[in-house]
Amino acid sequence: MYQGIYHGKERHDPDLDIVLARAYENGVKRIISIAGTPKECEETLELIERLDKETNQSGDDEKVKVFGTVGVHPTRCAEIFAEPCSSSSGDEDEETHWRPKTEAEQTLIILQMIELINQGKKSGNVVAVGEFGLDYARLQFCPKDIQQLGFRKQLDMAIETQLPLYLHNRDSGDDLYDILLEYKDRLVASQGGEEGNIKGIVHSFDESVEVAMKLMSLGLYIGINGCSLKTPENLEIVAQIPLDKFILETDCPWCDIRPTHAGYEHLQTTFPTKKEKQYNRELAKEFCVKNRTEPSHVAQVAEVIAAVKGLKVADVVAASNRNVHRVFGELEKRR
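Given the structure is predicted, the values throughout are model-derived calculations rather than measurements.

A.B. asks: Just give me the short version of the pattern of salt bridges, but keep the residues and values in it.
C.D. replies: A side chain of one charge can pair with a side chain of the opposite charge when the charged atoms of the two come close. Taken as a whole and judged by the stated rule, the model has 18 salt bridges. The residue E43 makes a salt bridge to K39 at a minimum N-O spacing of 2.4 Å. Placement of the pair is E43 and K39 together in helix α2 (residues 38-58), with a separation of four residues, close to one helical turn. Note on K39: relative accessible area 57%, which makes it exposed. Here the residues in one salt-bridge network are D15, R22, R292 and E294, joined through shared partners.

Shown next, in the form of structure tokens:
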């Protein structure tokens, strides 16, 4: 969307530079950009390298530093780790069935991602494995068995590369916990073994407080964004997440906080918007795109959390920053 493309149609000129500048102006100094397939990860890292080069050439350090991850989203695991089975009936409307690729093919995929990770670690640009995990809300894209296969393969990859986890969880918390518990000792040992805790974040959390507590018991942090703040029940859960166990997110360009969401009434900061058809680079100086989240909108997430917890926004931001560095380190480039 930051290239101006919406549902395959070009609506305006690319404006990522403006979006990143607005983020910095609103206090965002670091961004972790996640992707869903090896190809998307490679493209994201190429973009990050271009941004770094532009910063180095200009000598302007007053810019956001962007980092990336490498992994396969659970809903994309079928297209990466499996292949469709031929239908015996020939019915085009029949549900697609998948079979895992050969062990050799799966190993090659993982080795290619490890190579991408190792290249990115040299510059400091790759900071986690992800976004990966389980998603039982969208099994039409990938069945459970293939998701779990991809999840396990990538946990092995995380152990090999000694990186934190950027986890996806949707209606799958119990299975996610059980598999992580199985891998816990090996993950902790690979990551440095801080008090027996796994380093990682459960991204865009929207499950029960019971699931949150189980995942936090492994050492994981809970990522909160607009999708975590839609209902009164969501807000009650967020209120129970300890201050030392949450991380602010946006999941932009998705997960905006809308007037119909329970968290909306707690917003203090607003961003004037235009529909994408009416938007252009000139208007971008004063307006965002309607329903397109930007990194700067993380301020709104902090405001909602502060309200439901009865805290100052500055205290919420400071706590999240501390938690980010506990998981991902200093987030600095290596030149």
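A.B. asks: Mind laying out unusual backbone geometry, listing which residues take part and the relevant values?
C.D. replies: Omega for the peptide link from G130 to E131 comes to 0°, which places this bond in the cis form. Positionally, E131 belongs in strand β7 (residues 126-135). Put simply, C252 and P253 share a cis peptide bond, and its omega is 15°. Take P253: it is sitting in the loop between β11 (246-248) and β12 (273-274). In this model, H7 sits at a positive phi of 50°, which is unusual for a non-glycine residue. Within the secondary structure, H7 is located in the loop between β1 (5-6) and β2 (9-10). Using a relative accessible area of 82% as the deciding quantity, one classes H7 as exposed. In this model, Q162 sits at a positive phi of 60°, which is unusual for a non-glycine residue.

A.B. asks: Which residues make up the packing of helix α4 (residues 103-123) against helix α5 (residues 144-161), and what values go with them?
C.D. replies: At a minimum axis separation of 10 Å, α4 and α5 run at an interaxial angle of 40°. Comparing the axis directions of α4 and α5 gives the class oblique. In the packing of α4 onto α5, the handedness of the crossing is right-handed. Contacts between α4 and α5 involve E103, Q106, I110, M113, I114, I117 and K121 on the former and, on the latter, L149, K153, Q154, M157, E160 and T161. In the contact of α4 with α5, the residues fall into six nonpolar, three polar and four charged.

A.B. asks: Before we move on, can you summarise the sheet that holds β11 with the specific residues and values?
C.D. replies: Sheet strands pair by backbone hydrogen bonding; their relative direction is either parallel or antiparallel. The strand order across the open sheet formed by seven strands is β3-β4-β7-β8-β9-β10-β11, and the pairing between neighbours is parallel. In this open sheet, the two edge strands, each paired with only one partner strand, are β3 (30-33) and β11. On average, each strand axis in the sheet is tilted by 30° relative to the strand beside it, whichever way the strands run. Taken together, the two bridges between strand β9 (residues 200-203) and strand β10 (residues 221-224) define a ladder with parallel strand orientation. Paired with I201 across the strands is Y221, a residue of β10. Sitting on the sheet, α2 is in contact with β3, β4 (65-70) and β7, with an inclination near 160° to β4. In the packing of α4 onto the sheet, contacts are made with β4 and β7, and the angle to β7 comes to roughly 145°.

A.B. asks: For a positive patch on the surface, give the residues involved together with the corresponding values.
C.D. replies: A contiguous patch of positive charge on the surface is contributed by K9, K275, K277 and K290. Position of K9 relative to the elements: it lies in strand β2.

Rules behind the numbers
- Residues numbered from 1 in each chain as written.
- Predicted model: local features only at pLDDT ≥ 70, side-chain atom pairs only at ≥ 80, totals over all residues.
- Heavy atoms only, no water.
- Salt bridge = Lys/Arg side-chain N within 4 Å of Asp/Glu carboxyl O.
- Helix = DSSP H or I, 4+ residues; strand = E, 2+ residues; numbered from the N terminus.
- Buried < 20%, exposed > 50% of the residue type's maximum accessible area, 1.4 Å probe, protein only.
- Axes fitted to C-alpha atoms, helices over the stretch in contact; angles between N-to-C directions.
- Parallel < 35°, antiparallel > 145°, perpendicular 65-115°, else oblique.
- Left-handed = near helix turned anticlockwise from the far one by under 90°.
- Contact = heavy atoms within 4.5 Å.
- Nonpolar A, V, L, I, M, F, W, Y, C, P; charged D, E, K, R; others polar.
- Pairing = 2+ DSSP bridges.
- Patch = residues over 30% accessible without salt bridge, like charges linked within 9 Å, V, L, I, M, F, W, Y side chains within 5 Å.
- Areas by Shrake-Rupley, 256 points an atom, 1.4 Å probe, with all protein chains shown as cover.
- Lys, Arg positive; Asp, Glu negative; His and termini not counted.
- Charge placed at Lys NZ, Arg CZ, Asp CG, Glu CD.

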